[in-house]
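# Fold and geometry: a report
Given next are the chains, with one letter for each unit.
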Amino acid sequence: MGKLGHVTGLRANGEEFPVEASISQIEVDGQKFFTVILRDVSAQRRSQEQLMLLKTCVECLHDMVLITEAEPVTEPGPRIVFVNQAFERRTGYQRDEVIGRSPRLLQGPLTQRSELMRVAVAVRMRQSMHCELLCYTKSGETFWVEFDSVPIFDASGRHTHWVSVARDISERKRAEADRHGLEAQLRESQKMESIGTLAGGIAHDFNNILGSILGNVALATEDAGANTAVRTGLSQIDKAARRARGLVQQILAFSRRQSQELVRQPMRPLVEDTLGLLHSTLPAMVTLGATLSDVPVHVNADTIQVQQVLMNLCLNAWHALPNGVGDIRIGLETLVLGASAPAPHDAMPPGRYAHLWVADTGSGMDRVTRGRIFEPFFTTKAVGEGTGLGLSVVHGIVSAHHGGISVESEPGVGTTFHLYFPACEAVLAVPTFDAAAPAPLGGAGRHVLYVDDDEVMVLMVESLLARAGFRVTCCADAREAMACIEATPESIDVVVTDFNMPHFSGIDLAEALAKLQPGLPVVISSGYISDDMRVRARAAGVHSLLNKQDTLEALAPRIHDALAGTARQA
Ligand code: ADP
């Protein structure tokens, strides 16, 4: 039999239709006949056209289409019989490379096992499925798909194929990850914000308490005379109160509530001063050394904060020394970063830097610890021994100085922290409080008016100043203080006032005094000094602001400064 080919038929109504003609020869009783069979193939044509349309449509889709056989349901799974162009484009596999293979070729080590289990169960149950999967391209790049699969059954109800459509959702997943990252950052900064608010809130009261504890301990120590037992007890109280004072400062610095006073100054004297402090803090078993370059390098730095950074690093170094024995070395050099030189830290633009380092021969850290040390509250120390704030404070301070920090550490070898502070041009340094001229001894009968609503503080300051040779008048609030000055205008030489008092703050009092008796020096003492307070105090002509917790050591020298008219801005 041979095919004659396609011809066009004509129906009675004049409509044309496709006909497939075939011819065969038969022999009946030795006579040959030809049989011509004409078949109306309109339905077949129509379905062929529809198939073509569907195929074009599937090929035009941006989504990946994948058809697999129904069997086997167990390993290695159904074989691929069709993939569209979108599949080829996204996965990098050519059609020929995947036909006959299992869709598992798209899985990789990060593909979620839980989802794969769900898929395997759905395949066994011959149920439709929907899932989101992490897939791998031929070159190993990962991408996310949203995946829908439906089982296809033939007319007899036999399951023959799976048709799966997979949409690339990598962008959405990235956006979700970014959003989660941002949300985490936001939560973190909200946490920091509330810790900051809390810290700022408690610092004031807490510092008042610490100020009066430290002051009273000092007075009681004087009164204790030669009584060793009492003196030992008092010295323990003093030690504990100083630790608590340090902690409050740490929390304030960490929550950036501590205002920053950037002063252009040479770095070396600042480091040398801190070395002095460290020598008296660290035990004799620790060998503290320094390698300080003679090349001058100036920085815009807050003296107290840089000292705090070095103190925190050195205390950590000490704690890391086995049995507290070993070496700590502080180094300083100038580092010039060129455009092509690799920066030791990401955020460091080319330029000159003061490179400070603190190296120890301590226990060192493993990779996991190294990765977490700057996290607030991360500590490997026992409860009560570590707060996990030290390095967060260091990080916060260095960042606030636009500097960088990095760490090198190996377990059993030691640790070196590198700090980079942007260098600036040298100009005459403005003397900081610590560098101020030493106060003359004794109060010489000068009359101090001390204003504070805290009775404990009043009693302590009164004794402290009286013992230092001052004449002291104390008032519980600003109105009383104003009345006192009005009554004896010439008698008061200097006013020291608490900041936080009900109705009339220390600054309100200073403003009123500036009108009532211009030129009368005013010192404001506060447990918490904010930038805003500094601005108002400066405008009100206040001589200086004193951290209340430093009353014991700093009040008398500060009064001398104020009396001597030593320039000291609030
Ligand atoms: P804390 O000292 O209160 O634990 P830090 O933030 O200062 O808090 O330090 C966090 C952790 O970093 C420490 O608990 C310690 O594990 C590690 N660390 C810091 N400095 C050093 C160092 N010099 N050597 C070894 N480990 C250190």
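Residues numbered from 1 in each chain as written. Predicted model: local features only at pLDDT ≥ 70, side-chain atom pairs only at ≥ 80, totals over all residues. Heavy atoms only, no water.

## Some thoughts on the packing of helix H12 (residues 478–487) against helix H13 (residues 506–516)
The following threshold applies: Axis definition: a line fitted to C-alpha atoms, limited for helices to the stretch in contact. Angles are taken between N-to-C directions and run from 0 to 180 degrees. Each helix is a run of H or I in the DSSP string that is no shorter than four residues. Each strand is a run of E no shorter than two, and both are numbered from the N terminus. The cut-offs work like this: below 35 degrees is roughly parallel, past 145 is roughly antiparallel, 65 to 115 is roughly perpendicular, and the gaps in between are oblique. Each crossing gets its hand from how the near helix is turned against the far one by less than a right angle, where anticlockwise is left-handed and clockwise is right-handed. Here, residues are in contact when the closest pair of their heavy atoms is within 4.5 Å. Polarity classes work like this: nonpolar for Ala, Val, Leu, Ile, Met, Phe, Trp, Tyr, Cys and Pro, charged for Asp, Glu, Lys and Arg, and polar for all others, with Gly in that last group.
Following both chains from N to C, one finds H12 and H13 inclined at 15°, their axes separated by 11 Å at the closest point. Considered as vectors, H12 and H13 are oriented roughly parallel to each other. Between H12 and H13 lies a crossing of right-handed hand. Every residue of H13 that contacts H12 at Ala 478, Ala 481, Met 482, Ile 485 and Glu 486 is listed here: Leu 509, Ala 512, Leu 513 and Leu 516. Split into classes, the residues belonging to the contact of H12 with H13 amount to eight nonpolar, no polar and one charged.

## So, the sheet that holds strand S16 (residues 447–451)
The line we're drawing: Think of it this way: DSSP has to see at least two bridges between two strands before they count as a pair.
The five strands lie next to each other as S17-S16-S18-S19-S20, forming an open sheet whose pairing is parallel. Across the chains shown, the open sheet's two edge strands, defined by having one partner strand only, are strand S17 (471–475) and strand S20 (544–547). Averaged over all neighbouring strand pairs, the angle between strand axes comes to 20°, with direction disregarded. Across four bridges, the pairing between strand S19 (residues 522–526) and S20 is parallel. Counterpart to Ser 526 in the pairing with S20 is Asn 547. Each of S16 and S17 touches helix H11 (residues 455–467); the most contacted strand, S17, lies at about 170° to it.

## Some points on the nonpolar core
Filter applied, for reference: Among buried residues, the Ala, Val, Leu, Ile, Met, Phe, Trp, Tyr and Cys ones that are joined through side-chain atoms within 4.5 Å form a nonpolar core. Each residue gets one of three labels from its accessible area relative to the maximum for its type: buried under 20%, exposed over 50%, partly exposed in between, using a 1.4 Å probe on protein chains only.
Met 267, Val 271, Ile 328, Ile 330, Leu 356, Leu 419 and Phe 421 are the most contacted members of the largest nonpolar core, which totals 38 residues. For this core, the secondary-structure elements that each account for two or more residues are helix H7 (267–281), strand S10 (286–292), strand S11 (298–301), helix H8 (303–320), strand S12 (326–337), strand S13 (351–360), helix H10 (390–400) and strand S15 (414–424). When residues in this core are grouped by element, the largest group, seven residues, is from H8. Residues in contact with Phe 421, not counting those within four places in the same chain, are Met 267, Val 299, Val 306, Arg 352, Tyr 353, Ala 354, Leu 356, Val 398 and His 401. Within the second largest apolar cluster, 28 residues are counted, among which are Leu 219, Met 460, Leu 552 and Leu 555.

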